Amino acid sequence: MPLVPKGRLYFFTGKGGVGKTLAALSLAHHLRQKNKNILFMDTRAPENKEHTLCQRLHLTYKPINVLASLEEYARFKFHSRTLAKWITRLEFTASLMNIVPGIGHIVYLGYISHLLKKDPALTIVLDAPSSGHMATMLGSLETYHQIFRSGTIFNDIKAINDFILSPKNVAVFICHLPTQLSLTEGCELKDRLENLSLNNIHMVLNAALSLALHHLSEELPPYLSERLRLETQALNQFPYPWIAKIPYLTSLDDLEKIKEMSLCWEGVIT
Amino acid sequence: MKKLEIFCGTGGVGKTTLSASRALFLAQKGKKILLITIDPSHRLKDIFSLNQSPPGKVIKTTYDHPEKPITLSILLMSPQAVLSKIFSNYTSNIILKNLASPLGGLHEILSLIELEHHIHKGLYDCIVLDTAPHTHFLDFLKSGLRIQKFFNKKFIQAFSHFGSLKNTYQKTQKPPSRIVEFAIETGVKKLLSYMEKVTGKNFIQSFTEALNSIYSLKDTFLRASNLPKVMQREDWADWFLVTSSEHDKWREAQAIQQKMIETGHSRGTAIVNHCTAQELAQWSPTSPPLITLKNSLLKREKNIIHSIEQNFPRWIEFPHINSEDSRDQLRELIEKWNAVDGSF
């Protein structure tokens with residue numbers, strides 16, 4: 001079974017609704033148990049769910065404030081706290097960043113690479129956006145690379161780009177449900193990300209019914225046996241190896257699920 | 001049937017198939033229907049076999065229903081097609097060219113413009129809208145406000161005169177004081193001068209040019225920005241919030257509903273898709289793991305329906321359909337729409 005070389009930053013992405021968040025939390029929990037210095041982050045506005053779960057797992061949740069990060073960057077660049085404050089408080093700046101999401105993406109990725117460079121012992125698990133928006137987020141680096149072409153911002157973006165694209169630093173986990181739709185979209189996403197020169201990409205299977213039921217021979221109701229059949233069929237056609245396979249879990253409690261899921265990461269990362 | 005029917009919800013619950021079935025159901029009753037998807041994954045093209053058709057253009061198609069063929073129009077929204085329509089020559093500016101790429105991030109805003117365009121044309125009895133999952137849909141709703149903030153009159157005037165400001169300085173003439181006022185008031189001039197220090201030499205020029213191009217289209221953008229307000233009107237638009245019996249999906253659905261209410265939209269109709277309670281009731285497993293599984297599945301569904309009862313004035317339960325074939329699925333879903341017609 002292939003292994004994921006130890007990295008600094010782990011992205012979790014995949015089709016909407018496949019279970020990225022819980023999968024990300026389960027890896028973070030697993031790494032935490034191995035006494036790693038872990039930060040859990042997500043790209044959406046902090047929702048109660050992630051924050052509460054992190055607290056209960058004794059995981060450090062780090063929310064990100066894009067404008068605050070931009071201010072820090074501006075202060076560093078212009079050597080002026082006043083100017084940095086002025087730039088970020090300007091109405092035009094906020095509305096520009098709202099209209100064009102790429103700027104926020106770059107600030108976000110820049111902030112993360114900054115955290116990792118500052119503390120060599122740190123590892124970050126990131127609950128990233130789903131498919132298309134994940135590609136957009138990473139694509140923003142290339143987009144703004146083209147737009148600036150030269151100058152100090154260009155150089156800074158290049159540094160972020162080099163950091164994120166290095167397989168030494170970053171691994172991407174694309175999560176899938178065992179449905180044809182999800183598996184197809186996962187493969188498409190892998191292609192798109194590879195076109196953006198991202199290479200350390202691994203496939204994770206979530207909620208596999210076949211793993212939960214494989215040892216049981218009792219009769220299932222028609223819809224479950226059909227679902228199992230379709231799942232097996234879709235999985236047989238999947239062209240990539242699974243780095244981790246998480247069975248369908250019957251628990252209705254997120255914390256319980258995360259703890260069970262974290263067992264699936266044993267031995268996956270070197 | 002309202003003028004606009006919007007299907008929103010979390011990922012992987014069957015939104016696209018449901019919206020397609022709703023469009024077919026209405027078209028079957030003789031209505032002129034446009035089905036639009038703003039979901040970048042364009043799943044509709046598989047359902048209607050439109051893989052050869054270019055995205056961004058309205059396609060009139062006939063669906064081969066066993067009773068009688070159904071005619072309807074379909075649009076797979078494409079950000080580039082919208083940009084080409086509104087900008088005659090965006091590729092000449094490096095910034096616009098890059099923002100227009102599929103990874104440019106203007107998807108939600110351009111979807112709003114495209115939707116407004118078709119509503120404005122008034123060619124259809126009803127437009128059925130299939131949206132992108134979860135937070136992207138919320139971004140779509142917020143796009144109206146984002147546009148309005150950006151197309152602030154003060155910014156527009158500051159930029160439109162910034163170009164001429166540079167020229168007039170070069171001609172050593174004194175610029176009109178009101179223009180200077182605008183530029184100073186918005187901080188635009190000062191911001192650009194600082195930006196010039198950290199960006200490439202030509203960047204500021206490209207930037208100003210791009211902004212002026214975008215601002216020249218303010219009417220198009222501002223018209224579209226009013227759409228979310230119109231969508232709030234209960235006599236005008238109907239909302240279907242789709243979820244399924246998977247526990248996690250219900251929580252996300254609740255989050256969407258919360259945001260919708262906060263932004264002034266009505267509660268709409270909830271749809272619980274893939275209901276399996278009836279089928280499960282007929283199953284009598286004997287081994288403990290399967291008993292646990294059955295109970296877990298039943299409890300999940302019961303919890304969701306209970307929550308929905310508390311939070312929605314109307315809801316519909318769509319049963320799980322035992323076929324992967326989209327034709328079978330659509331046929332059964334259309335029947336179900338018929339069965340519940342008039343009850344919500």
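The structure reproduced in this document is the subject of the present report. Computed from a prediction, not measured in an experiment: that's the story for all the values here. (Residues numbered from 1 in each chain as written. Chains lettered and ligands numbered in written order. Predicted model: local features only at pLDDT ≥ 70, side-chain atom pairs only at ≥ 80, totals over all residues. Heavy atoms only, no water.)

Quite often, the size of an interface is put as the accessible area lost when its parts meet. Counting residues at the interface gives 59 residues for chain A and 66 residues for chain B. Of the roughly 5,300 Å² buried between chain A and chain B, counting both surfaces, carbon and sulfur atoms make up 66%. Here chain A and chain B share zero salt bridges between them. One can count 10 residue pairs in polar contact (both at pLDDT 80 or more) joining chain A with chain B. Among the secondary structure elements, those contributing two or more residues to the side of chain A that touches chain B are α4 (81–89), α5 (91–99), α7 (131–148), α8 (152–165), α9 (180–195), α11 (222–236) and α12 (254–262) of chain A. Among the elements that take part in the side of chain A that touches chain B, α7(A) stands out by supplying nine residues, more than any other. Grouping the amino acids of the side of chain A that touches chain B by side-chain chemistry returns 29 nonpolar, 17 polar and 13 charged. (Contact = heavy atoms within 4.5 Å. Buried area = accessible area lost by both parts, 1.4 Å probe. Salt bridge = Lys/Arg side-chain N within 4 Å of Asp/Glu carboxyl O. Polar contact = N/O pair within 3.5 Å; in protein donor to acceptor, adjacent residues only side chain to side chain. Helix = DSSP H or I, 4+ residues; strand = E, 2+ residues; numbered from the N terminus. Nonpolar A, V, L, I, M, F, W, Y, C, P; charged D, E, K, R; others polar.)

As a further point, take the packing of helix α5 (residues 107–121) of chain B against helix α11 (residues 218–225) of chain B. Residue and element names in this part refer to chain B. Viewed as axis vectors pointing N to C, α5 and α11 meet at an angle of 85 degrees, and their least axial separation amounts to 8 Å. Judged by the inter-axis angle, α5 sits roughly perpendicular to α11. Residue-level contacts link Ile109, Leu112, Ile113 and Glu116 of α5 to Thr220, Phe221, Arg223, Ala224 and Ser225 of α11. Residues of the contact of α5 with α11, tallied by class, amount to five nonpolar, two polar and two charged. (Axes fitted to C-alpha atoms, helices over the stretch in contact; angles between N-to-C directions. Parallel < 35°, antiparallel > 145°, perpendicular 65-115°, else oblique.)

Right, let's talk about the sheet that holds strand β3 (residues 59–63) of chain B for a bit. Residue and element names in this part refer to chain B. Overall, mixed pairing links the eight strands, which are arranged β3-β4-β2-β5-β1-β6-β7-β8 in an open sheet. Every other strand in the sheet has two partners, leaving β3 and β8 (314–319) as the edge strands with one partner each. Each strand of the sheet is rotated relative to its neighbour by a mean of 25 degrees, with strand direction disregarded. For strand β1 (residues 4–9) and strand β5 (residues 126–130), the ladder comprises four bridges, and the chain directions are parallel. Bridge pairing links Phe7 to Asp130 in β5. Relative to β5, α5 is tilted by about 165 degrees, and along the sheet it contacts β1, β2 (33–37), β4 (70–76) and β5. Set on the sheet, helix α15 (residues 288–311) makes contact with β6 (237–244), β7 (269–275) and β8; between it and β7 the angle comes to about 170 degrees. (Pairing = 2+ DSSP bridges.)

Read these as layout, nothing more, since geometry by itself doesn't imply function.
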